[in-house]
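Coordinate analysis (summary)
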Amino acid sequence: MTRKEALNSIKANVENKNLIKHMLATEAIMRTLAERLGEDEKEWGLTGLLHDIDVELTGGDMNSHSKLGADLVMELGASEAMAHAILCHNPAHGTPRETSLDKALFCVDPLTGLITAATLVLPDKKLAGLKAKSVRKRFKEKSFAAGANREYISLCSELGLDLDEFIELGLKAMQGIADDLGL
Ligand SMILES: [Fe+2]
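A few points on the structure. (Residues numbered from 1 in each chain as written. Predicted model: local features only at pLDDT ≥ 70, side-chain atom pairs only at ≥ 80, totals over all residues. Heavy atoms only, no water.)

**Overview of the packing of helix 2 (residues 17-37) against helix 3 (residues 41-50)**
Helix-helix packing is described using two parameters, namely the angle between the two axes and the distance between the axes. The N-to-C vectors of helix 2 and helix 3 enclose an angle of 155°; their axes lie 7 Å apart at closest approach. By the angle between their directions, the pair helix 2 and helix 3 is classed as roughly antiparallel. You can see that helix 2 and helix 3 cross each other, and the crossing is right-handed. Where helix 2 approaches helix 3, its residues M23, L24, T26, E27, M30, R31, L33, A34, E35 and L37 are matched on the opposing element by E41, K42, W44, G45, G48, L49 and L50. Classifying every residue of the contact of helix 2 with helix 3 gives 9 nonpolar, 3 polar and 5 charged. (Axes fitted to C-alpha atoms, helices over the stretch in contact; angles between N-to-C directions. Helix = DSSP H or I, 4+ residues; strand = E, 2+ residues; numbered from the N terminus. Parallel < 35°, antiparallel > 145°, perpendicular 65-115°, else oblique. Left-handed = near helix turned anticlockwise from the far one by under 90°. Contact = heavy atoms within 4.5 Å. Nonpolar A, V, L, I, M, F, W, Y, C, P; charged D, E, K, R; others polar.)

This is the structure:
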């Protein structure tokens, strides 16, 4: 599967622009994380890019979200490893996270939300001016972007990264595609 094919499939299945931006942000961080860990950047990037492809199709039904997505990406030619990571990024199914790819997608997904929210409260709403230190501070404020699950983000430790490095890496990755994110 090429990135273009993945994007075409996303365009066919997802209308919400913010959801698409979230998937692009997840892709960017997954690629950077793969590079840091010596993993397959293409596979990790595509997994991040496609992980929420079924959100609109499943209409918010958490019992089918990510099950359908895993099936869809397999049809697109994704590897079983990619499909498994997508399946278990939704904790509702209770599918254990086994591989580094599974674990990476799980902690990257909520990090994009925290960084986006921390950007949107800046006066210029631009990623360029956001500091990792500020994201770290926001991380500690429980009521800030409460949907960005701090416990899940902290699971970066399972990949051998401490929180500071993870936040810094995620921020840099998102800053690298700021234009695509409109931030
Ligand atoms: Fe997501």
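**Some points on the coordination of the iron ion**
Any two of four tetrahedral donors ideally make an angle of 109.5 degrees at the metal, while pairs among six octahedral donors ideally make 90 or 180 degrees. Looking at the iron ion, one finds its protein donor set to be H22 (NE2), H51 (NE2), D52 (OD) and D109 (OD), positioned 2.1 to 2.2 Å from the metal centre. If you look at the iron ion, its 4 donor atoms make angles of 81 to 173° with each other, and the shape they trace is irregular. All donors of the iron ion come from a single chain, and their spacing in sequence reads H-x28-H-D-x56-D. With respect to class, H51 is no different from D52; both count as buried. (Donors = N, O, S within 2.8 Å, 3.2 Å for Na, K, Ca; no water. Tetrahedral: all angles 85-135°; square planar, octahedral: opposite > 155°, others 65-115°. Buried < 20%, exposed > 50% of the residue type's maximum accessible area, 1.4 Å probe, protein only.)

**Comments concerning the packing of aromatic side chains**
Taken as a whole and assessed by the stated rule, the structure comprises 1 aromatic pair. Residues F106 and Y152 carry aromatic rings whose centres are separated by 4.5 Å and whose planes lie at 50° to one another, so their mutual orientation is tilted. Of this pair, F106 sits in helix 6 (residues 100-120) while Y152 sits in helix 8 (residues 150-153), and the two are 46 residues apart along the sequence. Cation over ring: R138 sits above F144, and NZ or CZ is 4.5 Å from the ring centre. (Phe/Tyr/Trp six-rings, centres within 6.5 Å; stacked < 30°, edge-to-face > 60°. Lys NZ or Arg CZ within 6 Å of the ring centre and 35° of its normal.)

**Section: helix 9 (residues 163-175)**
The first and last C-alpha atoms of helix 9 sit 18 Å apart over 13 residues, in line with the 18 Å expected at 1.5 Å per residue. Within the sequence span of helix 9, burial applies to L163, F166, I167, L169, G170, L171, A173 and M174. Contacts made by the buried residues of helix 9 are with helix 2, helix 6, helix 7 (132-140), helix 8 and helix 10 (178-181). Sitting at the head of helix 9, D162 places a side-chain oxygen 3.2 Å from the backbone nitrogen of D164. (Expected span 1.5 Å × (residues − 1). Polar contact = N/O pair within 3.5 Å; in protein donor to acceptor, adjacent residues only side chain to side chain.)

**Looking at the side chain of D102**
Mapped onto the elements of the fold, D102 is located in helix 6. As a buried residue without a salt bridge, D102 has its nearest oppositely charged side chain in R97, at a separation of 7.5 Å. (Lys, Arg positive; Asp, Glu negative; His and termini not counted. Salt bridge = Lys/Arg side-chain N within 4 Å of Asp/Glu carboxyl O.)

**A short note on the environment of T119**
Inspection of the secondary structure assignment puts T119 in helix 6. It is 32 Å that separates the C-alpha atoms of T119 and M1, two residues lying 118 residues apart in sequence. Beyond its immediate sequence surroundings of up to four residues, T119 is in contact with K125, K126, L127, L130 and L183.

**Regarding the pattern of salt bridges**
With the rule as written, the count across this model stands at 5 salt bridges. Close ionic contact of E27 with R3 constitutes a salt bridge, the shortest N to O distance being 2.7 Å. Highlighted residues: E27 in helix 2 and R3 in helix 1 (residues 3-13), separated in sequence by 24 residues. The exposure class of E27 is buried, given its relative accessible area of 7%. R3 sits in the partly exposed class, given a relative accessible area of 38%.

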